[in-house]
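Read off the chains here:
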Amino acid sequence: DTIALLNEGEDSELSTPVGTLERGGTRSIDSEKDNPEPVVIPISITSEESESRQPHYFFIAQEILTSERTYVQGLRLLEKVLHGALKTARDSGKPLIPEGLRKRIFLNIGEIHALSCDLLDELEKRLEQW
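Here's what I pulled together on the structure shown here. Just so it is clear, the structure is predicted and the values come from calculations on it, not from any experiment. (Residues numbered from 1 in each chain as written. Predicted model: local features only at pLDDT ≥ 70, side-chain atom pairs only at ≥ 80, totals over all residues. Heavy atoms only, no water.)

### Some remarks on the nonpolar core
If you look at the biggest cluster of nonpolar residues, it comprises six residues: A61, L65, V72, C117, L120 and L127. Residue assignment for this core shows that the elements contributing at least two residues are α1 (47-91) and α3 (109-128). In this view, V72 contacts H113, S116, C117 and L120; residues no more than four positions away in its chain are not counted. (Core = buried A, V, L, I, M, F, W, Y, C linked by side-chain atoms within 4.5 Å. Buried < 20%, exposed > 50% of the residue type's maximum accessible area, 1.4 Å probe, protein only. Helix = DSSP H or I, 4+ residues; strand = E, 2+ residues; numbered from the N terminus. Contact = heavy atoms within 4.5 Å.)

If you want it as structure tokens, here you go:
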């Protein structure tokens, strides 16, 4: 696996990639000005450092999982309850909002909900195997 390293700009927005971080502990920094070839810098973490970081990483992963669960619950509420109520009102002949607006608001809610559920399932599986 490779992670792109980004250079932080003056306005605190991330700009273009400046290198990569690869599994196995090597980092390459692209330097177009001085050297067209990437410079590889070894990154070493002692086993003691690695063990002390594991609980921290696990806590971060749990926070991401909790956030995703909350997000999926919110999407479920929007899709099933709110959107369902709007469709029921429309079907009864008393729409609460114009049909075109309802369609625009909820255009991709089903796909977003399904994708988020898949992501949540994958996160849960990975944390169980941690």
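### Digging into a nonpolar patch on the surface
A cluster of nonpolar residues, Y57, F59, I60, I64 and W130, forms a patch on the protein surface that exposes about 510 Å² of accessible area. Relative to the helices and strands, W130 is located in the segment after α3. With a relative accessible area of 49%, W130 lands in the partly exposed category. (Patch = residues over 30% accessible without salt bridge, like charges linked within 9 Å, V, L, I, M, F, W, Y side chains within 5 Å. Areas by Shrake-Rupley, 256 points an atom, 1.4 Å probe, with all protein chains shown as cover. Salt bridge = Lys/Arg side-chain N within 4 Å of Asp/Glu carboxyl O.)

### What to know about the packing of aromatic side chains
Scanning the model with the defined rule gives one aromatic pair in all. For the ring pair F58 and W130, a centre distance of 5.3 Å and an interplane angle of 70 degrees mean the geometry is edge-to-face. Of this pair, F58 sits in helix α1 while W130 sits in the segment after α3; the two residues are 72 residues apart in sequence, bridging distant segments of the chain. Look at F58 and you get partly exposed, because its relative accessible area is 26%. (Phe/Tyr/Trp six-rings, centres within 6.5 Å; stacked < 30°, edge-to-face > 60°.)

### Comments concerning the environment of R69
Counting through the fold element by element, R69 comes out in helix α1. Linking R69 and S116, residues 47 residues apart in sequence, is a C-alpha distance of 8.9 Å. Here R69 is in contact with L120 and E124, once residues within four sequence places are set aside.

### Notes on the pattern of salt bridges
By the definition in use, this model includes five salt bridges. A salt bridge links E124 to R69, with the shortest nitrogen-to-oxygen separation between them at 3.2 Å. Taken together, the positions of E124 in helix α3 and R69 in helix α1 put the pair 55 residues apart, joining distant regions of the chain. Where D91 meets R90, a salt bridge forms, and the shortest distance between an N and an O atom there is 2.8 Å.

### Quick look at the side chain of R102
Here R102 is to be found in helix α2 (residues 99-105). You can call R102 buried: its relative accessible area is 7%. In contact with R102, not counting residues within four places along its chain, are H83, L86, K87, R90 and I97.

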